[in-house]
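A look at the structure
One-letter residues, chain by chain:
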Amino acid sequence: MTWSIIARDASGAFGVAIATRFFAVGALCPHAESGTGALSTQALVNPLYARRALELLRAGIAAPEVVKRLTAPDEGREHRQLHVIDTVGRIGQHTGAKCVDWAGAIAGDGFSVAGNMLANERVIQETARAYRASRKHFPERLIEALQAGEAAGG
(Lines give C-alpha, C1' and ligand atoms only; values in the text may rest on other atoms or scores of the structure.)
Protein backbone atom coordinates (compact mmCIF):
# COMPACT_ATOMS: atom_id res chain seq x y z
CA MET A 1 0.00 0.00 0.00
CA THR A 2 1.11 3.50 -0.81
CA TRP A 3 -0.59 6.84 -0.62
CA SER A 4 0.76 10.34 -0.74
CA ILE A 5 -0.25 13.95 -0.55
CA ILE A 6 1.45 16.69 -2.52
CA ALA A 7 0.60 20.28 -1.71
CA ARG A 8 1.45 23.97 -2.06
CA ASP A 9 0.70 26.13 0.96
CA ALA A 10 -0.23 29.82 1.00
CA SER A 11 3.44 30.85 1.25
CA GLY A 12 4.21 29.03 -1.99
CA ALA A 13 6.14 26.24 -0.25
CA PHE A 14 5.74 22.71 -1.60
CA GLY A 15 5.49 19.52 0.43
CA VAL A 16 5.14 15.81 -0.14
CA ALA A 17 4.21 13.26 2.52
CA ILE A 18 3.96 9.57 1.74
CA ALA A 19 3.08 6.35 3.58
CA THR A 20 4.02 2.96 2.19
CA ARG A 21 5.39 -0.50 2.82
CA PHE A 22 7.90 0.09 0.01
CA PHE A 23 11.58 0.17 0.97
CA ALA A 24 13.49 3.41 0.22
CA VAL A 25 10.36 5.36 -0.67
CA GLY A 26 12.01 8.67 0.17
CA ALA A 27 14.73 8.16 -2.42
CA LEU A 28 12.42 7.21 -5.29
CA CYS A 29 8.88 8.53 -4.94
CA PRO A 30 8.59 12.09 -3.54
CA HIS A 31 10.26 15.01 -5.30
CA ALA A 32 9.94 18.77 -4.82
CA GLU A 33 11.83 21.87 -5.78
CA SER A 34 11.31 25.32 -4.30
CA GLY A 35 9.71 27.70 -6.79
CA THR A 36 9.04 24.84 -9.22
CA GLY A 37 6.62 22.18 -7.96
CA ALA A 38 6.26 18.75 -6.41
CA LEU A 39 5.35 15.23 -7.46
CA SER A 40 5.14 11.66 -6.33
CA THR A 41 5.72 8.69 -8.63
CA GLN A 42 4.36 5.49 -7.13
CA ALA A 43 2.83 2.04 -7.75
CA LEU A 44 5.39 0.61 -10.22
CA VAL A 45 7.69 3.61 -9.68
CA ASN A 46 9.34 5.25 -12.65
CA PRO A 47 12.30 7.10 -11.11
CA LEU A 48 12.95 8.83 -14.44
CA TYR A 49 9.75 10.85 -14.08
CA ALA A 50 11.18 13.13 -11.39
CA ARG A 51 13.99 14.85 -13.26
CA ARG A 52 11.92 15.38 -16.41
CA ALA A 53 8.86 16.57 -14.46
CA LEU A 54 10.90 19.20 -12.63
CA GLU A 55 12.50 20.32 -15.92
CA LEU A 56 9.07 20.75 -17.50
CA LEU A 57 7.71 22.57 -14.45
CA ARG A 58 10.74 24.92 -14.48
CA ALA A 59 9.91 25.68 -18.12
CA GLY A 60 6.40 26.78 -17.07
CA ILE A 61 4.51 23.70 -18.33
CA ALA A 62 1.26 23.19 -16.39
CA ALA A 63 1.03 20.11 -14.16
CA PRO A 64 -1.67 18.32 -16.22
CA GLU A 65 0.48 18.67 -19.34
CA VAL A 66 3.56 17.46 -17.46
CA VAL A 67 1.71 14.27 -16.54
CA LYS A 68 0.62 13.74 -20.16
CA ARG A 69 4.14 14.25 -21.47
CA LEU A 70 5.60 11.78 -19.00
CA THR A 71 3.02 9.02 -19.20
CA ALA A 72 2.14 9.05 -22.93
CA PRO A 73 5.44 7.54 -24.17
CA ASP A 74 5.85 5.22 -21.15
CA GLU A 75 4.93 1.63 -22.04
CA GLY A 76 4.57 0.83 -18.32
CA ARG A 77 2.15 3.70 -17.62
CA GLU A 78 -0.81 1.41 -16.89
CA HIS A 79 1.09 0.07 -13.85
CA ARG A 80 2.12 3.51 -12.59
CA GLN A 81 0.69 6.32 -10.54
CA LEU A 82 1.85 9.92 -10.71
CA HIS A 83 0.60 13.21 -9.37
CA VAL A 84 2.13 16.64 -9.88
CA ILE A 85 1.50 20.17 -8.59
CA ASP A 86 2.88 23.32 -10.18
CA THR A 87 3.65 26.83 -8.90
CA VAL A 88 0.08 28.07 -9.21
CA GLY A 89 -1.46 24.96 -7.63
CA ARG A 90 -2.63 23.18 -10.79
CA ILE A 91 -2.80 19.41 -10.40
CA GLY A 92 -1.98 16.65 -12.86
CA GLN A 93 -2.83 13.05 -11.99
CA HIS A 94 -2.44 9.61 -13.56
CA THR A 95 -3.49 6.26 -12.13
CA GLY A 96 -2.83 3.40 -14.54
CA ALA A 97 -5.63 0.92 -15.19
CA LYS A 98 -3.41 -1.94 -13.98
CA CYS A 99 -2.53 -0.45 -10.59
CA VAL A 100 -3.50 -2.80 -7.77
CA ASP A 101 -6.89 -2.03 -6.18
CA TRP A 102 -7.88 0.07 -4.49
CA ALA A 103 -6.19 2.78 -6.54
CA GLY A 104 -7.17 6.33 -7.34
CA ALA A 105 -6.62 10.00 -6.72
CA ILE A 106 -8.46 13.15 -5.75
CA ALA A 107 -7.50 16.80 -5.92
CA GLY A 108 -8.44 19.89 -3.98
CA ASP A 109 -7.42 23.50 -3.87
CA GLY A 110 -3.62 23.37 -3.93
CA PHE A 111 -3.24 19.67 -3.12
CA SER A 112 -3.57 16.15 -4.49
CA VAL A 113 -3.89 12.77 -2.79
CA ALA A 114 -3.15 9.55 -4.67
CA GLY A 115 -2.86 5.94 -3.57
CA ASN A 116 -2.77 2.32 -4.63
CA MET A 117 -3.12 -1.07 -2.93
CA LEU A 118 -5.29 0.69 -0.35
CA ALA A 119 -7.90 -0.79 1.96
CA ASN A 120 -10.58 1.40 0.37
CA GLU A 121 -11.35 4.77 -1.21
CA ARG A 122 -11.89 6.31 2.23
CA VAL A 123 -8.11 6.37 2.75
CA ILE A 124 -7.58 9.15 0.23
CA GLN A 125 -10.90 10.83 1.07
CA GLU A 126 -9.99 11.08 4.76
CA THR A 127 -6.46 12.21 3.93
CA ALA A 128 -7.92 15.05 1.86
CA ARG A 129 -10.56 15.90 4.47
CA ALA A 130 -7.97 16.14 7.23
CA TYR A 131 -5.67 18.30 5.12
CA ARG A 132 -8.51 20.71 4.30
CA ALA A 133 -9.63 20.90 7.93
CA SER A 134 -6.24 21.33 9.57
CA ARG A 135 -5.13 24.76 10.80
CA LYS A 136 -1.65 23.60 11.79
CA HIS A 137 1.64 24.62 10.19
CA PHE A 138 2.14 23.20 6.71
CA PRO A 139 4.41 20.22 7.57
CA GLU A 140 2.11 19.23 10.44
CA ARG A 141 -0.92 19.44 8.14
CA LEU A 142 0.70 16.93 5.79
CA ILE A 143 1.47 14.49 8.61
CA GLU A 144 -1.96 14.92 10.16
CA ALA A 145 -3.52 14.17 6.76
CA LEU A 146 -1.58 10.89 6.43
CA GLN A 147 -2.58 9.90 9.94
CA ALA A 148 -6.24 10.36 8.99
CA GLY A 149 -5.72 8.10 5.97
CA GLU A 150 -4.10 5.48 8.17
CA ALA A 151 -7.06 5.64 10.57
CA ALA A 152 -9.37 5.02 7.58
CA GLY A 153 -7.62 1.73 6.83
CA GLY A 154 -4.34 2.62 5.14
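This structure is a prediction, so every number in the text was calculated from the model and none was measured.

**Side note on the pairing of strand 4 (residues 37-43)**
Where burial is concerned, most of strand 4 is hidden: 6 out of the 7 residues are buried. When strand 3 (residues 30-33) meets strand 4, the two strands line up antiparallel, connected through 4 bridges. Looking at strand 4, one finds that histidine 31 is bridged to leucine 39. Here strand 3 folds back onto strand 4 in antiparallel fashion, the turn holding 3 residues, of which glycine 35 has a positive phi close to 75°. Two elements, strand 4 and strand 5 (residues 80-86), share 7 bridges in a ladder whose sense is antiparallel. Residue pairing in the sheet places glutamine 42 in a bridge with glutamine 81 of strand 5.

**Thoughts on the packing of aromatic side chains**
On inspection of all chains with the given rule, the structure shows 1 aromatic pair. Its end group placed over the ring of tyrosine 131, arginine 141 keeps NZ or CZ at 3.9 Å from the ring centre.

**Some remarks on helix 2 (residues 48-58)**
In an α-helix, one full turn covers 3.6 residues, which means residues spaced three or four apart are oriented alike. Taken as a whole, helix 2 has its buried residues at Tyr49, Ala50, Ala53, Leu54, Leu56 and Leu57. One face of helix 2 carries all of its buried residues, which in axial projection span an arc of 160°. Every exposed residue of helix 2 that faces more than 90 degrees away from the buried side is listed here: Leu48 and Arg51. Each element contacted by the buried residues of helix 2 is listed here: strand 3, strand 4, helix 3 (63-71) and strand 5.

The rules we used
Residues numbered from 1 in each chain as written. Predicted model: local features only at pLDDT ≥ 70, side-chain atom pairs only at ≥ 80, totals over all residues. Heavy atoms only, no water. Buried < 20%, exposed > 50% of the residue type's maximum accessible area, 1.4 Å probe, protein only. Helix = DSSP H or I, 4+ residues; strand = E, 2+ residues; numbered from the N terminus. Pairing = 2+ DSSP bridges. Phe/Tyr/Trp six-rings, centres within 6.5 Å; stacked < 30°, edge-to-face > 60°. Lys NZ or Arg CZ within 6 Å of the ring centre and 35° of its normal. Arc of directions from axis to C-beta. Contact = heavy atoms within 4.5 Å.

Purely geometric stuff here, so don't read any function into it on its own.
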